[in-house]
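Breakdown of the fold
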Amino acid sequence: MTKTVLVTGASGFIAQQLILDLLDKGYQVRGTVRSLAKGNVLKDALRPHNVKIDEMELVECDLESDKGWDEAVAGVDVIQHLASPFPMSVPKDPNDLIRPARDGALRVLKAAKKAGINRVIMTSSFAAVGYGWGDDLPEVCTEEHWTNPNNTADCRPYMQSKTLAERAAWEYVEGEGKGIQLTAINPVAVFGPIRSEQVKTSVGVVAQLMGGKIPALPNVGIQVVDVRDVSAAHIATMENDESIGERYILADEFFSMKECSQVLKEAFPNYADKLPTRSMPDFLVKLIALFSADMKSMVTELNKRRMGSSDKVKQLLGRDLIPGRDAFIASGETLIDYKVV
Ligand code: NDP
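The following paragraphs examine the structure supplied in this document. Counting restarts for each chain, with residues numbered from 1 along the sequence as it is written. A pLDDT threshold of at least 70 governs which residues receive local features in this predicted model, and a stricter bar of 80 or more applies before side-chain atom pairs are shown or counted, although totals over entire chains, interfaces and linings include all residues. Note: side-chain values were computed over all heavy atoms of the structure, leaving out hydrogens and water.

Details of the environment of K92
What counts is decided by this rule: Strands here are runs of E lasting at least two residues and helices are runs of H or I lasting at least four, both read from the DSSP assignment and numbered beginning at the N terminus.
Within the secondary structure, K92 sits in the loop between β4 (78-81) and α4 (95-115). With 65 residues separating them in the primary sequence, K92 and P157 have C-alpha atoms 9.0 Å apart.

Considering the sheet that holds strand β5 (residues 119-123)
Applied cut-off: At least two bridges found by DSSP between two strands are what make those strands a pair. Note on definitions: angles span 0 to 180 degrees between N-to-C directions of axes, and those axes are lines fitted to C-alpha atoms, for helices only across the stretch in contact.
Taking strand neighbours across the sheet as the criterion, the seven strands line up as β3-β2-β1-β4-β5-β6-β10 in an open arrangement whose pairing is parallel. The sheet is open, and its two edges are formed by β3 (57-60) and β10 (247-250), each paired on a single side. Averaged over neighbouring strand pairs, the angle between their axes works out to 20° when direction is ignored. Relative to β5, β4 runs parallel, the two being bridged by four bridges. The residue of β5 that forms the bridge with Q80 is I121.

A closer look at the site of the ligand
Going by this rule: Put simply, a residue is near a molecule or strand once any heavy atom of it comes within 4 Å of that molecule or strand. Within 3.5 Å is the distance limit for a polar contact, defined as a pair of N or O atoms, with the added protein rule that one can donate a hydrogen and the other accept it, and that residues adjacent in sequence qualify only through two side-chain atoms.
The full set close to the ligand counts 26 residues, and S11, K38, L82, Y158 and K162 are the nearest of them. Within the backbone of L63, an N or O atom sits 2.8 Å from a nitrogen atom of the ligand. Counting residues per element, the ones that place at least two in the shell around the ligand are α1 (13-24), α5 (157-174) and β7 (189-191).

Thoughts on the pattern of salt bridges
Going by this rule: The salt bridge criterion pairs a side-chain nitrogen of Lys or Arg with a carboxyl oxygen of Asp or Glu, the two atoms within 4 Å. Using a 1.4 Å probe on the protein chains alone, a residue whose accessible area is under 20% of its type maximum counts as buried, one over 50% counts as exposed, and one in between counts as partly exposed.
The tally for this structure, following the rule as stated, stands at 17 salt bridges. Where R30 meets E57, a salt bridge forms, and the shortest distance between an N and an O atom there is 3.4 Å. Placement of R30 in strand β2 (residues 28-33) and of E57 in strand β3 is noted, with a sequence separation of 27 residues between them. The salt bridge involving E266 is made with R325; its shortest N-O contact spans 3.2 Å. Residue E266 is found in helix α8 (residues 257-267), and its partner R325 is found in helix α12 (residues 324-337); the two are separated by 59 residues along the sequence. Judged by its relative accessible area of 48%, E266 is partly exposed. The partly exposed category is assigned to R325, whose relative accessible area is 33%. Several salt bridges converge on common partners, so that one network encompasses D154, R156, E301, K304 and R306.

Structure (structure tokens):
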């Protein structure tokens, strides 16, 4: 019998790829959206990729409200919980992110428990692994490592929200929610192709670079993973019981912003004049940080290499991950196709 998978936060960048891959694999998909109007925009955007998108049911749910979740989970076989706030800028109050992320995850799990749905894959993040360590940051983090959300000098509100949400989820399934089979997926920064013109946080950085919005590059960098691998990991964990109770880091190569800009410059020579090459001196980053919360969040990242190991997920997938370079280029190509840049 065809399995039905609930994807929460269906409008999101990763969710769009996952929904298309699930449909391609013959699953039935139900999605949660914050408004049905948004859901219809999503269907219009995804229809050119797969006409089966019209069979996707949509349920209106907000992470901050109980409304809709019982309906959303009713009769599904698996829940893929992706919804979580991921804004471009740092909020004044960390609770603006923590509350929906943590309480929302618990809402989904409690609805699952009530409906007798056992299998839940939760999109956590490397944000719940490699932050808050201060000077004790491991050279390479593994699934054993956890972010310390209390060290706010090395852990921004988004990282706090993802850590507290994942912790709460594990605590719930080990206690009141016993019986729920949970897996967490912990990707680093996700790039790769976009499937609609709605550009959100991570690919938004590529859009800003190619759009000439970033004049100089701070000495910061990130590990990168392709959204196609993130989606593949969500499906592989769902299909393999060995993943129950496990976390999986997804992380390919580390790129400085300068290297990222260089990759894009080589791939898209027409954008060469928009893509920055100049570095922003560290003192300038620190100076601007006095007035800008977003820049302040860069200060702790200056010249830092937060690294995670993908060994475990590679074993599960039985292959290497898509190179980070290809992920940037796929973002660039699709940003051009959708005329975002
Ligand atoms: P997006 O911002 O594209 O998607 C986030 C989704 O969450 C959207 O569908 C959004 O809905 C939904 N959402 C946000 N707040 C609420 C709320 N209060 N109630 C209901 N839905 C809500 O992000 P991504 O696709 O990139 O991220 C998906 C997941 O992956 C998140 O959990 C994120 O933390 C995680 N992740 C992402 C990484 C990345 O680099 N992109 C890296 C590691 C983890 P709406 O469209 O209405 O805003």
